[in-house]
Amino acid sequence: MAKWVYDFGDGKADGRADMKNLLGGKGANLAEMASIGLPVPPGFTLTTEVCTHFYQNDCQYPKELEQQVEKALNLVESRTGRKFGDSTNPLLVSVRSGARASMPGMMDTVLNLGLNDTTVEALAKKSGDRRFAFDSYRRFVQMYSDVVLGIEINHFEKHLERAKEKRGVKQDCELLPEDLEKLVKSYKAVVQLELGEEFPEDPKAQLWGAVGAVFNSWMNQRAKTYRSLHDIPEWWGTAVNVQAMVFGNMGNDCATGVAFTRDPSTGKNEFYGEFLVNAQGEDVVAGIRTPQELTIRARQSHGSDLPSLEEVMPNIFRELLSVRSQLETHYKDMQDIEFTIQQGKLYMLQTRNGKRTAPAALQIAVDMANEGLITKSQALLSLKPDLIDQLLHPTLDPKAKKEIIAKGLPASPGAAGGKVVFSADEAVRRCKDGEKVILVRIETSPDDIHGLHAAEGVLTTRGGMTSHAAVVARGMGRPCVAGAGSITVDYAAAKLTVGSVTVTEGQILTIDGSKGEVMVGEVPTVPPQLSGSFGTIMQWADEVRDMKVRANAETPADARQAKEFGAEGIGLVRTEHMFFEGQRIVAMRQMILATDEADRRQALDKLLVMQREDITELFRIMDGNPVTVRLLDPPLHEFIPHTEAEMALVAKAAGVPLDRVRRRAAELQEANPMLGHRGCRLAITYPEICEMQARAIFEAAAEVGRSSKKLPVAEVMVPLVATVEE
C-alpha cells in the first residue's frame, strides 16, 4: 500500500531532512529536528504526492489517505495524552503548508483547529484560563473562515476593532474573557450571514476542510506569482503538516517568536529575531503588534524600550542559544526558526535555510568556512550566481542632503527612490508604464507579492524585522523599511502623513533599508564598493576555477568596470554600438545613403577615425588581455528612421534630399531581417565597410603595441558566416 502520511515526534520520525521532495521543506525539517532530540510537538505530514494526486484526480484524495490520517492522529493523541474532539481533554492541531522550496506566507495555515462550543469549555477548564481559551477560539473561527470558507477577513476585523473601542483598549490582549466570548458569537453570525450556513462544529470536518484549503492554496494567485518569480515548478506540489498545538498565548510565561541564527541583512554572527509575550505565531509575522527583540544588544541598537527575551526569560533564552548552535552545526547553514514558549517550556515549530541578502550570503559563507563549519568549496557552492546582481545595487550618497521625515527598522538593505503608491496593483500598473515606485503599506500580506516585485522598495508602518514585508523584500533583494510607526497611512485619500509633512500618491520618496530612514524627494546614489567578503569569495573561486571570464563592452567606461570586476578580456565588442550617438550616427547614415562607392568611402573615412580611437582605448584598458571585435552585424535599415518627421531630420543632417532617404529606407526593408542582409553579407556587398573596420582594429593594435609594455591581443569576429562561399 502506498504511504501517504509520515509521522514525527517523541524523538522519532518516519522522514529525514533529505526527503524535501516528498515531505516538503517544513515536513522534512520537522522530522529531522524530532530525530536529533529537539523539542518538537508531535504531528504528521501528508506528502507532496497527495497534492499531485489531488490535482490529477479532480480534487479527490487517494482512497487509503483517510485511514492513514486516522492512524497518525491516534499516534499524536497517544504522544500528547490528549484526544481530538474530546469534551474533557481536547487535542488541538495546526494545519500548515510546506512546499519543497520555501514560499513564506504564500500558502495557507490554520491554527487552533479542533475548537468548538464544547471543546473550548474543556480548554478553559484544563488551562484554568477562560480568556486564553476564547482568544484561541475567536482566532480559529476568523482564520478558518478566511482560509477555508473564503470569507473576507475585514468582516471579522470590524467586529474586533469595535470590541476594543467599546472596552477602551488598543491591543487584542487587553480584551476580557466576556469580550472574546461575544466576539466568537459575532464571528459565527458573520459566517451564517455570508454563507447561509453555520460554522462547522465537527473537528474531523474542520480537519479535512483545512487540509483541502492548504492543497487548494498551492494554486492561489499569490502562490502562482511567487513560483513564477522564483522558478518553482507547478508540478512540485505542497505537503500538509498537521501538528499538535502549543500555545504562546496562555499568559505572561508564554511567548512566540521568529529568529535567524545569524543576521539575514548583514550576515553577522549574531542571533537575530523577535518575539511577543502572550501571543500566537501569526501576530509576529503579520506585524499586528510591535515585537520585542531577542537580545539586549539588538534592543539597545534599535532603541527599543520593550525588554528582550534575554531579560524576560533568561533560562529559555539560553536554551534557544543552544538550539541555535545545534541547528547550525547540523544543517551547516544559517537557519530561520519559529518557536513557541508555553508555560516556561520551549517548543521548536520550524527550521529552514534562512533567506538572506546578497551581502549577508557572502559574509555567512566566508564566516562559516573560517569557523570550520563548512569547507571553502562548500562556501562557494552555497552561493547562487544571481546574488552578485544584488551586490551591484547603489547606496545613498553620504554627502547628499537628505530630508529625513521618519525612521523605521532597517529590514532589508539597499536604497531606493520612486513615486509613492499605496496598493500592489498600482505598483504593477505604474511599473509597466516605466515608472519607479515605492510601495507604502500599513503592513503587507502575501496578496501583495506582485506589488513587492514591481516596486523598487517597500515601506510599512507596522511590523518588525521578521514581518512578511521584511522577509520577502530580503529574498527579492528589495530595500525595505518596516515598522515606521510615526507615519499614518490613509488608503482612501492615497496619502501618508508624518508630523506636518504629507506625501500623496505619485510624489517621490526615498528609503534607506540599511538605516531605516525615510526621506522626501530623490536622494542621489553612489555605486557599490565590492570588497571584504566579496573579495575573499572571488579569491577562493580563483583558486579552484578552470574557466576564464570575459566581458561584453563597447565603451571605455564599460571596459574599465569589467576590468575592476576581474574580467580577463573582452569577449565581444559590438562595433555597431559605437555608431549610435551624436555625429557618429550622422556619418553612419551618410554612408548608408551614399549612391556610389566614392561617397561611401568619404563617410567611412569619418567613421574610421572614431572607431580607431574607441578600439585603441579598449586595447589600452585591457592591457594585454584579449579583445574580440565583431565586424558590423545588424541590417543597415536599423540605422534609418521610419517616420516622415525623423526622415526629414536625417535628410537635413546628411545634406541629401528627403526623397533619397525615403527611397533608401524602402530599398533596405527586409522580410526577415534576422537572416537577411547583415553580418558578413554586408562585407561582401560593401567590402569598403570591412576594409575600414579592419584598418581601425589593426591600426589601433599597432598604435598600442608601440606605446605599451604589453602587446594587445586583437581577435576579429566575422559574424553570421553560414556557407563556405561566404
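Now for a description of the structure that goes with this document. In this text the structure is predicted, and so the values were computed from the model without any measurement.

## Looking at the overall build of the protein chain
Stage number 1. Within the protein chain, the secondary structure is distributed over 27 helices and 30 strands.
Stage number 2. For the protein chain, restricting intrachain contacts to residue pairs at least 6 apart in sequence, the fraction spanning at least 24 positions comes to 66%.
Stage number 3. Accessible surface for the protein chain amounts to roughly 32,400 Å². Of this, 50% is attributable to carbon and sulfur atoms.
Stage number 4. Positive and negative side-chain charges in the protein chain, numbering 85 and 99 respectively, have mean positions lying 2 Å apart.

## Observations regarding the layout of surface pockets
Stage number 1. One number sums up the size of the second largest pocket: a volume of about 640 Å³.
Stage number 2. Lining the second largest pocket are 22 residues, with Met538, Glu564, Phe565, Gly566 and Ala567 positioned closest to its centre.
Stage number 3. Put simply, the parts of the chain that give the lining of the second largest pocket at least two residues each are α20 (533–544) and α21 (556–564).
Stage number 4. It is α20 that contributes the most residues to the lining of the second largest pocket, five residues altogether.

## Details of the environment of valine 421
Stage number 1. Within the secondary structure layout, valine 421 lies in strand β17 (residues 415–421).
Stage number 2. A C-alpha to C-alpha distance of 8.8 Å links valine 421 and lysine 495, two positions 74 residues apart in sequence.
Stage number 3. In this structure valine 421 touches Glu426, Ala427, Arg430, Val437, Ile438, Leu439, Val440 and Glu505, once residues within four positions along its chain are discounted.

## Digging into the pairing of strand β24 (residues 508–512)
Stage number 1. Counting buried residues in β24 gives four out of five residues, a clear majority hidden from the surface.
Stage number 2. As paired strands, β17 and β24 are joined by five bridges and run antiparallel to one another. From the neighbouring strand, glycine 418 faces β24, where its bridge partner is leucine 509.
Stage number 3. Bridging between β24 and strand β25 (residues 517–520) involves four bridges; their strand directions are antiparallel. Counted as the bridge partner of isoleucine 511 is valine 518 from β25.
Stage number 4. Here β24 folds back onto β25 in antiparallel fashion, the turn holding four residues, of which glycine 516 has a positive phi close to 80°.

## Considerations on the packing of aromatic side chains
Stage number 1. Applying the stated criterion across every chain yields a total of 14 aromatic pairs.
Stage number 2. The interplanar angle of 50° and the centroid separation of 5.3 Å between the aromatic rings of tyrosine 61 and tryptophan 208 together place this pair among those described as tilted. Taken together, the residues span a long stretch of sequence, with tyrosine 61 in the loop between α2 (48–56) and α3 (65–80) and tryptophan 208 in helix α8 (residues 203–217) at a distance of 147 residues.
Stage number 3. Members of the aromatic cluster, connected to one another through ring pairs, are Phe54, Tyr55, Tyr61, Trp208 and Phe215.
Stage number 4. Of note, lysine 345 hangs over the ring of tyrosine 347, and the distance from its end group to the ring centre comes to 5.1 Å.
Stage number 5. The positively charged end of arginine 474 is found above the aromatic ring belonging to phenylalanine 260, 5.4 Å away from the centroid.

## With respect to the packing of helix α5 (residues 130–147) against helix α7 (residues 177–195)
Stage number 1. Closest axis-to-axis distance for the α5/α7 pair is 8 Å, and the angle between their directions is 20°. Of the possible angle classes, the one that applies to α5 and α7 is roughly parallel. At the point where α5 passes α7, the crossing takes the left-handed sense. Of the residues in α7, those touching α5 at Arg130, Arg131, Phe134, Asp135, Tyr137, Arg138, Val141, Gln142 and Ser145 are Pro177, Leu180, Glu181, Leu183, Val184, Tyr187, Lys188 and Val191.

## Here we look at the pairing of strand β23 (residues 501–504)
Stage number 1. Relative to β23, strand β22 (residues 495–498) runs antiparallel, the two being bridged by four bridges. Across the sheet, leucine 496 pairs through a bridge with valine 503, a residue of β23.
Stage number 2. The turn linking β22 back onto β23 is made up of two residues, and glycine 499 within it adopts a positive phi angle of 60°.

## Some remarks on the nonpolar core
Across soluble globular proteins, nonpolar side chains have a tendency to be buried as a group.
Stage number 1. Counting residues in each nonpolar core, the largest one holds 109 residues, and the members touching the most others are Phe44, Leu46, Val95, Met103, Leu113 and Leu207.
Stage number 2. When residues no more than four places from it in sequence are discounted, the contact partners of leucine 207 are Val69, Leu73, Phe84, Val95, Leu113 and Val242.
Stage number 3. Counting residues in hydrophobic clusters, the runner-up holds 47 residues, among them Ile570, Leu593, Leu607 and Val704.

## A look at the state of the cysteines
Stage number 1. The final tally for this structure, using the stated rule, is zero disulfides.
Stage number 2. The closest cysteine sulfur to the non-disulfide-bonded cysteine 51 is located on cysteine 59, 9.6 Å from its own sulfur.
Stage number 3. Owing to a relative accessible area of 1%, cysteine 51 belongs among the buried residues under this scheme.
Stage number 4. With no disulfide of its own, cysteine 690 lies 10.0 Å from the sulfur of cysteine 680, the closest cysteine sulfur.

## Structural notes on α20
A turn of α-helix holds 3.6 residues, and therefore any two residues three or four places apart point the same way.
Stage number 1. Taking 1.5 Å as the rise per residue, α20 with twelve residues should run 16 Å; its terminal C-alpha atoms sit 17 Å apart, in good agreement.
Stage number 2. Every buried residue of α20 is listed here: Ser533, Phe534, Ile537 and Trp540. Within α20, the buried residues cover an arc of 130° as seen down the axis, which keeps them to one side.

Criteria and thresholds
Residues numbered from 1 in each chain as written. Predicted model: local features only at pLDDT ≥ 70, side-chain atom pairs only at ≥ 80, totals over all residues. Heavy atoms only, no water. Helix = DSSP H or I, 4+ residues; strand = E, 2+ residues; numbered from the N terminus. Contact = heavy atoms within 4.5 Å. Areas by Shrake-Rupley, 256 points an atom, 1.4 Å probe, with all protein chains shown as cover. Lys, Arg positive; Asp, Glu negative; His and termini not counted. Charge placed at Lys NZ, Arg CZ, Asp CG, Glu CD. 1 Å grid on protein atoms, 1.4 Å probe; cavity = no way out; pocket = protein on both sides within 12 Å on 5 of 7 lines; lining within 4 Å. Points joined across faces, edges and corners; volume = space filled by probe spheres on them. Buried < 20%, exposed > 50% of the residue type's maximum accessible area, 1.4 Å probe, protein only. Pairing = 2+ DSSP bridges. Phe/Tyr/Trp six-rings, centres within 6.5 Å; stacked < 30°, edge-to-face > 60°. Lys NZ or Arg CZ within 6 Å of the ring centre and 35° of its normal. Axes fitted to C-alpha atoms, helices over the stretch in contact; angles between N-to-C directions. Parallel < 35°, antiparallel > 145°, perpendicular 65-115°, else oblique. Left-handed = near helix turned anticlockwise from the far one by under 90°. Core = buried A, V, L, I, M, F, W, Y, C linked by side-chain atoms within 4.5 Å. Disulfide = S-S within 2.5 Å. Expected span 1.5 Å × (residues − 1). Arc of directions from axis to C-beta.

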